[in-house]
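Observations on chain architecture
For reference, the chains in residue letters:
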Amino acid sequence: MQPHSWVAIVTIVALLVYVWMALRVAGARRKCGIDAPTMTGDPILERTVRVQANTLEWLPLFLAGLWLFAVYWNDLVATILGVVWIVGRVVYALGYVADPGKREAGFIIQALATAILLFGALGRVIWILATVGA
């Protein structure tokens, strides 16, 4: 059995990036003086919350694609694409909070990495089914 150690590290780092985003929400709340559960009232808080929520929306797609690609295709390529996804999410987060118009580059980076992982895994699974039958 292949251990997939690098993919495991990328998974943990991706989750730590999500924790970083949650901590940024707490910091934005303190900075603007808006206590939970209020989610509106300051544009920085609203954008910071949106960054965290959008990342949570993408995590299942990314993590499933990452692991399936690693198992069915290639561990090293999955690791590299996972790092690309993480970089994309950080670029997205920093850009979006600074100015919503600056979120596009990070979003495209992570979306492409996710698409390659998902469709790469799907293609490989279909290929295996078609050629081996199981």
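Structure's up top.
For the structure given in this document, a descriptive report is provided here. (Residues numbered from 1 in each chain as written. Predicted model: local features only at pLDDT ≥ 70, side-chain atom pairs only at ≥ 80, totals over all residues. Heavy atoms only, no water.)

**Regarding the pattern of salt bridges**
Using the criterion set out here, one finds one salt bridge in the structure. Of the charged contacts, one joins arginine 50 and glutamate 57 as a salt bridge, the two residues approaching to 3.1 Å between their closest N and O atoms. For glutamate 57, a relative accessible area of 45% corresponds to the partly exposed category. (Salt bridge = Lys/Arg side-chain N within 4 Å of Asp/Glu carboxyl O. Buried < 20%, exposed > 50% of the residue type's maximum accessible area, 1.4 Å probe, protein only.)

**Quick word on the packing of aromatic side chains**
Scanning the model with the defined rule gives five aromatic pairs in all. For the ring pair tryptophan 58 and phenylalanine 107, a centre distance of 5.5 Å and an interplane angle of 85 degrees mean the geometry is edge-to-face. Pair noted here: tryptophan 58 is in helix α2 (residues 43-72) and phenylalanine 107 is in helix α4 (residues 104-131), with a separation of 49 residues, a long-range link. Where tyrosine 92 meets tyrosine 96, the ring centres are 5.5 Å apart and the plane angle is 70 degrees; that geometry is what we call edge-to-face. Residue tyrosine 92 and its partner tyrosine 96 are both found in helix α3 (residues 75-98); the two are separated by four residues, about one turn of the helix. The pair tyrosine 92 / tyrosine 96 is uniform in exposure class, with both members buried. These aromatic residues form a ring-pair network of at least three members: Trp58, Tyr92, Tyr96 and Phe107. The ring of tyrosine 92 has arginine 89 lying over it, and the distance from NZ or CZ to the ring centre is 4.3 Å. Lying over the aromatic face of tyrosine 96, arginine 103 brings its terminal NZ or CZ to 4.9 Å of the ring centre. (Phe/Tyr/Trp six-rings, centres within 6.5 Å; stacked < 30°, edge-to-face > 60°. Helix = DSSP H or I, 4+ residues; strand = E, 2+ residues; numbered from the N terminus. Lys NZ or Arg CZ within 6 Å of the ring centre and 35° of its normal.)

**What about a nonpolar patch on the surface?**
A surface patch of nonpolar side chains, about 530 Å² in accessible area, is lined by Leu76, Ile80, Val83, Val84, Val87, Val91 and Ile109. In terms of residues, the nonpolar patch owes the most to one element, α3, which gives six residues. Its location among the elements puts leucine 76 in helix α3. (Patch = residues over 30% accessible without salt bridge, like charges linked within 9 Å, V, L, I, M, F, W, Y side chains within 5 Å. Areas by Shrake-Rupley, 256 points an atom, 1.4 Å probe, with all protein chains shown as cover.)

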